[in-house]
Amino acid sequence: EKLLVPLLAKLGNLVVDGGIWLNTQRPEWNDANNAIVGTGLSMVTLYYMRRYVAFIQDLLKDTSGDVQLSVEVAQWVTATADILALANALIEQGDVSSEARSSVLRQLASASAAYRATVYQNGFTGKTSVDMSAVKKLLAASLTVMDDSIRTNLRKDGLYNAYNIINYTANTVDVDLLYPMLEGQVAV
């Protein structure tokens, strides 16, 4: 659970092909990106998340059976894995439109918001058994979306985008590119 919650929190801000939305006042994001907090998308964060997911996959590769998770975290794992599976289907079909990107982001954000609201209102209500395959499904779906986003952020000059800008309306999410930055190359 302690390995999954930080990942899930960041996935709740994932913009497919754009990075992790810097939409909150988190110190590590503000220090690096004072000018783009609120509209910034961090590929740097996504690059490090990719390594983190690969690490957890390696750690759990020989693990099977049930694991005990808080009921609320188990629900968050399932919801996020299902949403990322949908995102992967869109990627496979080559249909990551502005509308699809918006839908995925809103669903991920809603799953995170539901988790927070439940825990803030009721606390943790207990533990439940979750088959390790559900955790592995989340990790695999995350990795696939991340890898596609990383490929999308490889520039023609061979450098990788470090940060992007989100432009959104009620039904669309578009990604505008920034100039290359050193931290993007280091992170990737």
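Quick caveat: nothing in here was measured; it's all calculated off a predicted structure. (Residues numbered from 1 in each chain as written. Predicted model: local features only at pLDDT ≥ 70, side-chain atom pairs only at ≥ 80, totals over all residues. Heavy atoms only, no water.)

Caption draft 1: Quick peek at the pairing of strand S7 (residues 173–177). In the sheet, strand S6 (residues 163–168) pairs with S7 via five bridges, with the strands oriented antiparallel. Bridged to Asn164 within S7 is Leu177. Hairpin connection between S6 and S7: a loop of four residues separates the two successive antiparallel strands. (Pairing = 2+ DSSP bridges. Helix = DSSP H or I, 4+ residues; strand = E, 2+ residues; numbered from the N terminus.)

Caption draft 2: Quick look at the packing of aromatic side chains. Scanning the entire structure with this criterion turns up four aromatic pairs. An aromatic cluster of at least three residues, connected via ring pairs, comprises Trp76, Tyr115 and Phe124. (Phe/Tyr/Trp six-rings, centres within 6.5 Å; stacked < 30°, edge-to-face > 60°.)

Caption draft 3: Quick peek at the side chain of Ser98. By the element assignment, Ser98 lies in helix H5 (residues 98–122). If near-sequence neighbours (up to four positions away) are discounted, Ser98 is found in contact with Asn171, Thr172, Val173 and Asp174. (Contact = heavy atoms within 4.5 Å.)

Caption draft 4: Examining helix H6 (residues 132–152) more closely. In a regular helix each residue adds 1.5 Å, so 21 residues correspond to 30 Å; H6 covers 30 Å between its end C-alpha atoms and thus fits that length. The set of residues buried in H6 consists of Met132, Val135, Leu138, Leu139, Ala141, Ser142, Leu143, Val145, Met146, Asp148, Ser149 and Ile150. (Expected span 1.5 Å × (residues − 1). Buried < 20%, exposed > 50% of the residue type's maximum accessible area, 1.4 Å probe, protein only.)

Caption draft 5: The sheet that holds strand S1 (residues 14–15), seen in detail. Read across the open sheet, the five strands follow the order S1-S2-S3-S6-S7; overall the sheet is antiparallel. One side of each edge strand has no neighbouring strand; the edge strands of this open sheet are S1 and S7. Inspection of the sheet shows strand S2 (residues 19–21) paired to strand S3 (residues 40–42) by two bridges, in the antiparallel sense. Pairing of Ile20 across the sheet is with Ser42, part of S3.

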